[in-house]
Amino acid sequence: MKEKLDNYVKRQRAPENVCVPVFYRMANPEDRKKMEALLEGNSNISVFDELIGQLEELVKCKNPTIRFTKETLSEAVLKYVGDTPLEQYGVWVYYPWSERLIHVLDEEEFVFVRTNRNQYKITPEEEELLAKKKIGVIGLSVGKAIALTLAMERICGEIRIADFDVIELSNLNRIQTGIQNFGIKKTVVVAREIAEIDPYLKVITFPEGLTEENVDDFFVKGGKLDICIEVCDGLYTKIFSRQKAKEYAIPVVMNSSDRGTTDIERYDLNPEMPLLHGLIDHLDLDLVKQAKTNEEKVPYLLPMLGVETSSTRLKASMLEIEETITTWPQLASGVILGGGIVTDVCRRMLLGQLKDSGRFFVDLEDIIHDKDRPAPVETKLALSDSLTNEDMLAVIKQHNIPELNEQILLPKETVDELVKFACMAPSGANIQSWQWVHHGRSLYLFRNDIYTAGLLDCKKTTMINGLGAALENLVLKAHDLKLEVISDVLPNLNENSKLIAVIRFFDKWLPQYANRIEPHICDSLVSAIPIRETNRNIVARKRISRERLLPLVDLARTVKGGDLILIDDEALMDKIGVVTGKVDRMRIMHKGGHDDFHGEVRWNEQEVNMLKNGVDLLGTVDLTPTELAGWTVAKNWNVINHLNEWKLGSGLEKIQRKNVASASALGLLTMPEFSNNAFFEAGRALERIWLAANKDGIAVHTCSLSTLIFNTLKYADNTGFSEYMEKEAWELRKDFEKLFALSNSKVDVLLIRFFIAPPPKRRSVRYPLERVLSYL
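The following paragraphs examine the structure supplied in this document. (Residues numbered from 1 in each chain as written. Predicted model: local features only at pLDDT ≥ 70, side-chain atom pairs only at ≥ 80, totals over all residues. Heavy atoms only, no water.)

Right, let's talk about the overall build of the protein for a bit. Looking only at helices and strands, the protein has 29 helices and 22 strands in total. Relative to the globule expectation of 28 Å for 776 residues, the C-alpha radius of gyration of the protein, 37 Å, shows a markedly less compact shape. By its C-alpha atoms, the protein is 130 × 60 × 50 Å across when sized along the principal axes. Burial status across the protein gives 52% buried among its 776 residues. (Helix = DSSP H or I, 4+ residues; strand = E, 2+ residues; numbered from the N terminus. Rg over C-alpha atoms; globule rule 2.2 N^0.38 Å. Buried < 20%, exposed > 50% of the residue type's maximum accessible area, 1.4 Å probe, protein only.)

Okay, here's the thing in structure tokens:
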């Protein structure tokens, strides 16, 4: 049966490259013989003769002032035809691919009738001018709609089409064609359909696509193109077609089918203008041809496509590429709209009515919508300075903490040096919420709530963790300067506490304060303070011996109740990567967590240098171009909200899985209780661990926000999670506890990645000293 079917298919299907019809004029004896032979040799041919109807239309079009009756119209047609036999009038057009023979008016009359409804949107004089124009179309997905609309409106006399691909099932959501065309070249399908609309319109096909070998033929052979329409997927083709268009001074038009985005580049009027309005000037175009992978192509494609101005649904869909979809989505409505927009633009350009270059939008959702549609949600940076010198002085007086007779007054240079080292400590999102006041002979540490977190700082425990790390640095540096220190951390700290600790200095060890004075348990770590850094590099996993890791556990335990649960089993770490990746994804998809994301990320060097806080995304985070594009898209809450509605977003888990995949070991820092005081002490333990690891050449990264989110889940009055997300979060919490074998007596503080890696290309920027230290 299969063999019979195969033979039948071979016999029935027309040659796949045939796309030009055959013309027979019966008044020509040679043509008559050929047509008779055609009909005698193929009994499958269908003959269609609707010439009378066409002639009736022709007569009416030529006599618009006359109101014909059926009878008078028939008489007028016979008079118009005269003595010519009807079978000899006009042309018989044979379409080999469909085996149809159709009787139509000859070219001049056919075009006159077919375009009659164009007048006077296109005047006869304009029509005559347009008939001499040549337009090239590169890419036939969006391009098919464009080419057919160009043909229907007949704004040119020649269309050149280039595409190497064939029609596939997945094309049929946006390409108007039938399933009978599967496997046929797109150029052939489009040329056939144009011929079936207008057999006289000249179509030249480039079925191998646009190549370096045929590009000159495409642009100039048989006459130079008047407009090049570039709507292909190929990155290199996009670039080199523009370079060639610029060389020949041919304008380029592009449409992306999203938001009706249309680019016009008038190289004919401005031969010096940069490619694509200068959007890719910062890139090395000589490397385009070498770009094979998505990672290599993305830096070029994103500015070309205009990701910042794309629709929120397209942006959300980008985050699902290679997760739940394979490539960019396109809709038939957008593609067909693009066909209309590009045809309109090209007509006006050809007629001298449109001369500007630029990127334009025809966004139907902005034009047609409900009057009461919700406004897009804007996310603002949750940053502010909440403490003034007057505030802090008032708090100091309110607490009225007496000085000790033996404490000394440090010179300003020494205080500056101590605070400088203190401020080299890590802090959540590099927000640096410490504020230092030197008053009398004491140094006061305040928490300055410049960052108001929506998910990641339950009861201010995240920010106070950084203050503990800062105090640790200060004590280590004081010991290095031969000073003794008493640091009194206020008891019962809570989320409203402003004053955190009072630090006193002494020039010798005093036995009467033996139980209060800071012990000298890890003074050697002071040398590591200037080199301590957060390393977010992604590298291949390398093993670190237990002999190097176990001292870090001992350091965690130098703080009362502190512990570090160490895991270096690869299979177990990979499972942790999956769980924490899902939790980190929830952070972006939670409105408060998304606000935190906005509050902590700095997107460019200008933001970094202006704010001097937050995470320098380009300088300190090891992202591929695709990942950077994903984060750029993800900063729009309206985009993320689509993912929430669709219950998707797994692409947001990738980076954390990569973090863990490069870890030599993971450490979970824990404390015995959830309180501000406990987390302050955890900050000191964290800094000891970090300094010791960096001193030993071990890179450190607090790689997941999962512990912060879990603490919000467990201890916050209102988590802000949807019912669906909260249920998932609790399930992930159970998995997390099982993987770390956590008991109820332990509260997790931070998850730490230990690994071997080169240093980051940039270190986090810090506030200037005068910003965080006051003398009152």
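To continue, consider the side chain of Arg504. Structurally, Arg504 can be placed in strand 15 (residues 499-506). Engagement of the side chain of Arg504 in a polar contact is seen with the backbone oxygen of Pro402, the distance being 3.0 Å. One polar contact links Arg504 to Asp488, side chain to side chain, over a distance of 2.4 Å. (Polar contact = N/O pair within 3.5 Å; in protein donor to acceptor, adjacent residues only side chain to side chain.)

A separate point is the sheet that holds strand 4 (residues 100-104). Taken together, the four strands give an open sheet; going across it, the order is 1-3-4-2, and neighbouring strands pair in mixed fashion. Since the sheet does not close on itself, it has two edges, and those belong to strand 1 (22-24) and strand 2 (46-49), each with one partner. Averaged over all adjacent pairs, the angle separating strand axes in this sheet is 20°, with direction ignored. As judged from the three bridges shared by strand 1 and strand 3 (residues 91-95), these two strands associate in the antiparallel manner. Bridged to Val22 within strand 3 is Tyr94. Where helix 2 (residues 29-41) meets the sheet, it contacts strand 1, strand 2, strand 3 and strand 4, and its direction lies at approximately 120° from that of strand 1. (Pairing = 2+ DSSP bridges. Axes fitted to C-alpha atoms, helices over the stretch in contact; angles between N-to-C directions. Contact = heavy atoms within 4.5 Å.)

Once that is clear, we can look at the packing of helix 19 (residues 570-589) against helix 20 (residues 591-600). Two numbers describe how helix 19 lies on helix 20: the axes approach to 5 Å, and their chain directions differ by 85°. Judged by the inter-axis angle, helix 19 sits roughly perpendicular to helix 20. Along the contact surface, helix 19 presents Arg587, Ile588 and Met589, while helix 20 presents Lys591, Gly593, His594, Asp596, Phe597 and Glu600. Residues belonging to the contact of helix 19 with helix 20 are distributed by class as follows: three nonpolar, two polar and four charged. (Parallel < 35°, antiparallel > 145°, perpendicular 65-115°, else oblique. Nonpolar A, V, L, I, M, F, W, Y, C, P; charged D, E, K, R; others polar.)

A grouping of Leu169, Ile179 and Phe182 is seen on the molecular surface, where their side chains present a nonpolar patch of about 310 Å² in accessible area. Its location among the elements puts Ile179 in the loop between strand 6 (158-162) and helix 8 (186-197). (Patch = residues over 30% accessible without salt bridge, like charges linked within 9 Å, V, L, I, M, F, W, Y side chains within 5 Å. Areas by Shrake-Rupley, 256 points an atom, 1.4 Å probe, with all protein chains shown as cover. Salt bridge = Lys/Arg side-chain N within 4 Å of Asp/Glu carboxyl O.)

Reading across the sheet, the four strands line up as 16-19-21-20 and stay open at both edges, with antiparallel pairing between neighbours. Two strands bound the open sheet, and with one partner strand each, they are strand 16 (563-567) and strand 20 (699-704). Recorded for the sheet is a direction-independent mean angle of 30° between the axes of neighbouring strands. Across four bridges, strand 20 lies against strand 21 (residues 747-755) in antiparallel orientation. Counted as the bridge partner of His701 is Arg753 from strand 21. Contacting strand 19 (665-671), strand 20 and strand 21, helix 25 (residues 654-661) crosses the sheet at an angle of about 145° to strand 20.

For the rest of this paragraph, the subject is the pattern of salt bridges. One pass over the structure, following the stated rule, counts 53 salt bridges. Arg684 is the partner of Glu518 in a salt bridge, and the nearest nitrogen-oxygen pair spans 2.8 Å. Note that Glu518 is positioned in the loop between strand 15 and helix 18 (546-556) and Arg684 in helix 26 (residues 676-695), a separation of 166 residues in sequence. Glu518 sits in the buried class, given a relative accessible area of 7%. Here Glu653 and Arg585 are joined by a salt bridge, their closest N and O atoms 3.0 Å apart. Note that Glu653 is positioned in the loop between helix 24 (637-646) and helix 25 and Arg585 in helix 19, a separation of 68 residues in sequence. When its relative accessible area of 6% is taken as the criterion, Glu653 is described as buried.

The next thing to look at is helix 16 (residues 412-422). By the burial criterion, the buried members of helix 16 are Thr414, Val415, Asp416, Leu418, Val419, Phe421 and Ala422. At its buried positions, helix 16 is contacted by strand 12 (434-439), strand 13 (442-447), helix 17 (461-480), strand 15, helix 29 (769-772) and strand 22 (773-775).

Under the 1.5 Å per step criterion, the end-to-end length of helix 7 (residues 142-153) is 17 Å for twelve residues, consistent within 8% with the ideal 16 Å. Counting buried residues in helix 7 gives ten out of twelve residues, a clear majority hidden from the surface. Looking only at helix 7, the buried set comprises Val142, Gly143, Lys144, Ala145, Ile146, Ala147, Leu148, Thr149, Leu150 and Ala151. One or two residues past the end of helix 7 sits Arg154, with phi positive at roughly 55°. (Expected span 1.5 Å × (residues − 1).)

One finds Trp436, Phe505, Leu564, Trp631, Leu669 and Phe754 to be the most contacted residues of the largest nonpolar core, which totals 136 residues. If one sorts the elements of this core by residue count, helix 26 sits on top with eleven residues. Each residue touching Trp436, except ones within four places of it in the same chain, is listed here: Val419, Ala422, Cys423, Leu443, Tyr444, Leu445, Ala470, Leu474, Ile503, Val772, Leu773 and Ser774. Counting 40 residues, the second-largest nonpolar core is a separate cluster that includes Val137, Leu201, Ile229 and Cys346. (Core = buried A, V, L, I, M, F, W, Y, C linked by side-chain atoms within 4.5 Å.)

Relative to the elements of secondary structure, Asn173 occurs in the loop between strand 6 and helix 8. On the accessibility criterion, Asn173 (38% relative accessible area) is partly exposed. In this structure the C-alpha to C-alpha distance between Asn173 and Gln330, which are 157 residues apart in sequence, comes to 8.0 Å. Leave out the neighbours within four places in its chain, and Asn173 touches Gln330, Leu331 and Ala332.

The alternating pattern of strand 8 (residues 227-230) places Ile227 and Ile229 on one face and Cys228 and Glu230 on the opposite face, and all of these are buried. Direction of pairing for strand 5 (residues 134-138) relative to strand 8: parallel, over a ladder of four bridges. Its bridge partner lying in strand 8, Val137 is registered against Ile229. As defined by bridge partners, strand 8 adjoins strand 9 (residues 252-255) across two bridges and the pair is classed as parallel.

Our focus in this paragraph is the environment of Asp366. Within the secondary structure layout, Asp366 lies in helix 14 (residues 364-367). For Asp366, a relative accessible area of 43% gives the class partly exposed. In this structure Asp366 touches Arg259 and Arg373, once residues within four positions along its chain are discounted.

For any two helices packed against each other, one specifies the inter-axial angle together with the distance between the axes. Interaxial distance between helix 7 and helix 13 (residues 332-350) falls to 8 Å at its minimum, and their mutual angle equals 50°. The angle between the axes of helix 7 and helix 13 places the two elements in the oblique class. Handedness of the crossing formed by helix 7 with helix 13: right-handed. Residues Val142, Ala145, Ile146, Thr149, Leu150 and Glu153 of helix 7 pack against Val335, Ile336, Gly338, Gly339, Gly340, Val342, Thr343 and Arg347 of helix 13. Its residues assigned to classes, the contact of helix 7 with helix 13 comprises seven nonpolar, five polar and two charged. (Left-handed = near helix turned anticlockwise from the far one by under 90°.)

Let us now look at the state of the cysteines. Under the criterion given, the structure shown has zero disulfides. Cys156 supplies the cysteine sulfur nearest to Cys19, a cysteine that is in no disulfide, at a spacing of 16 Å. Residue Cys19 is classed as buried on the basis of its relative accessible area of 11%. The closest cysteine sulfur to the non-disulfide-bonded Cys156 is located on Cys346, 8.7 Å from its own sulfur. Using a relative accessible area of 0% as the deciding quantity, one classes Cys156 as buried. (Disulfide = S-S within 2.5 Å.)

In this structure, Tyr120 follows Gln119 across a cis peptide bond, with omega equal to 0°. Position of Tyr120 among the secondary structure elements: in the loop between helix 5 (107-114) and helix 6 (124-130). Phi at Ala429 takes a positive value of approximately 60°, unusual for a residue other than glycine. Its location among the elements puts Ala429 in the loop between helix 16 and strand 12. A relative accessible area of 17% places Ala429 in the buried class. Backbone geometry at Lys460 places phi at a positive 65°, although glycine is not the residue there. Taking the relative accessible area as the measure of exposure, Lys460 reaches 18% and is therefore buried.

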